Amino acid sequence: MIQYNISQIHSEDGLETALQSKIDNLNKPKGSLGRLESLALQIGLIQRTLSPKLNHPCHILFGGDHGIEREGVSFSPREVTWQQMINYGKGGGGVNMFCRQHNFKLLVVDAGVDYDFDLTKHPHIISRKVGYGTHNFLHEAAMSQEEFEKCLTIGAEQVEACRKEGCNIISFGEMGIANTSPSSIMMHLFLDIPLIKCVGAGSGLPTEGVKHKYEVLQASVDNYLANRPADADATYTIRYFLGYEMACAVGGMLRAAELGMIVLVDGFIMTACMLAASQINANVLDYAVFGHCGDEGGHKLMLDAMHAEPLLHLGLRLGEGTGALCAYPIVQSAVNMINEMDNFAHAEITKYF
């Protein structure tokens, strides 16, 4: 299993005290810029500096299909995965719009889509296919240990490529019909939240569809628990349920944290990936900035259980990383605040607290 050397951002070297002092002495009432202040502190600690910067933001979108989709747990059909992957090359997706707006470089990676892309027609797709969709976790593990480690490596490679271009803040997105199903199971198993509270409508299931989805996922969990090896660890659970695209995102998150990068976390599915990553190395959470709370059933419950404070609540449930991208200007504001606001002494304003 790949090992990750991720440092805790809190230390005894005095940097945290110095950052807090700098933030407190900006010419404003102490604490008056709320979440921007705690965000600036976190970013300063991640970058180990009193003057943090955001450079060359990148967004990596992994695509993959899921065996569990065959059980009718999604409103959208499987072919939407490959159709959307092609659409991103035309610039017509939500993720394209937000990447353009906020000057993110977009990378679209085929990690396991059940389709053969013509890479001459669609050169925007980075081909790193592990398989043509995962196995059906109702009956067996979604992927093998070897496939799981390959996904972690693919995620790391994509992050490293961004880092070489100067990137120090990165976000992840996904395209994979039925990927809310493994996300629901992650929060159920790792956070001990009743499965019924974790299952939502995904891309638009009606009430009866949600009921069927819950029954399939409950049967899947029951089968998993009944056959789980005695020495099974968190990585066994993760690879049993996750899609290839999700496992790649987990690997990307862990490597980004290892490299000291800010990880902007998107909605329900990427939060589940961050949860999975934290089971491999808990320190990855220090590098996570949760972009938004979406409208998928269990997302707020998962965020609350992880003690995560999202920057936005816009009711999004598109995926693709759109919520993380929408949150980027708030991160920029926090960095601008600590770098550009004057302090009381220099501005010759009476410090009144």
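Here, the structure is the one placed above.
Criteria and cut-off values
- Residues numbered from 1 in each chain as written.
- Predicted model: local features only at pLDDT ≥ 70, side-chain atom pairs only at ≥ 80, totals over all residues.
- Heavy atoms only, no water.
- Helix = DSSP H or I, 4+ residues; strand = E, 2+ residues; numbered from the N terminus.
- Rg over C-alpha atoms; globule rule 2.2 N^0.38 Å.
- Buried < 20%, exposed > 50% of the residue type's maximum accessible area, 1.4 Å probe, protein only.
- Areas by Shrake-Rupley, 256 points an atom, 1.4 Å probe, with all protein chains shown as cover.
- Lys, Arg positive; Asp, Glu negative; His and termini not counted.
- Charge placed at Lys NZ, Arg CZ, Asp CG, Glu CD.
- Pairing = 2+ DSSP bridges.
- Contact = heavy atoms within 4.5 Å.
- 1 Å grid on protein atoms, 1.4 Å probe; cavity = no way out; pocket = protein on both sides within 12 Å on 5 of 7 lines; lining within 4 Å.
- Points joined across faces, edges and corners; volume = space filled by probe spheres on them.

Colleague: Explain the overall build of the protein chain here, please?
Modeller: In terms of helices and strands, the protein chain carries 14 helices and 6 strands. Computed over the C-alpha atoms, the radius of gyration of the protein chain is 21 Å, within 12% of the 20 Å expected from 2.2 N^0.38 for a compact globule of 353 residues. C-alpha atoms of the protein chain, sized along the principal axes, occupy 70 × 45 × 40 Å. Looking at the protein chain as a whole, 55% of its 353 residues qualify as buried. Element-wise, carbon and sulfur atoms account for 49% of the exposed surface of the protein chain, whose accessible area totals about 14,300 Å². Taken as two groups, the 26 positive and 39 negative side-chain charges of the protein chain have centres that lie 4 Å from each other.

Colleague: Please explain the pairing of strand S4 (residues 169–175) as it appears in this structure.
Modeller: Along any regular strand, the residues point their side chains to alternate faces of the sheet. Along S4, 7 of the 7 residues are buried, which leaves the element largely enclosed by surrounding structure. Of the two faces of S4, the one lined by Ile-169, Ser-171, Gly-173 and Met-175 and the one lined by Ile-170, Phe-172 and Glu-174 are each fully buried. For strand S1 (residues 58–64) and S4, the ladder comprises 6 bridges, and the chain directions are parallel. Each residue of the ladder has a partner; that of Ile-60, found in S4, is Phe-172. Direction of pairing for S4 relative to strand S5 (residues 262–265): parallel, over a ladder of 3 bridges. Bridged to Ile-170 within S5 is Val-263.

Colleague: What's the story with the environment of Leu-33 in this structure? I'm lost.
Modeller: For Leu-33, the location among the structural elements is in the loop between helix H1 (15–24) and helix H2 (34–47). C-alpha separation for the pair Leu-33 and Ile-23, spaced 10 residues apart in sequence, amounts to 9.6 Å. Look past the residues within four positions of Leu-33 in its chain and what remains in contact with it is Lys-28, Met-337 and Met-341.

Colleague: Would you mind going over the layout of surface pockets with me for this structure?
Modeller: Where empty space is left becomes clear once a probe the size of a water molecule has been rolled over the atoms. A volume near 480 Å³ is recorded for the largest pocket. Around the largest pocket sit 34 residues that line it, and Asn-179, Ser-203, Arg-317, Leu-318 and Gly-319 are the ones nearest its centre. Elements with a contribution of two residues or more to the lining of the largest pocket: helix H3 (79–90), S4, helix H6 (180–191), helix H11 (268–280) and helix H13 (322–340). Within this model, the second largest pocket holds a volume of roughly 350 Å³. Considering the residues around the second largest pocket, the lining is formed by 17 residues, among which Arg-35, Gln-42, Leu-285, Asp-286 and Ala-288 are closest to the centre. Going through the elements one at a time, H2 and strand S6 (288–290) are the ones with two or more residues in the lining of the second largest pocket. Element by element, the count of residues in the lining of the second largest pocket is highest for H2, at 5 residues.

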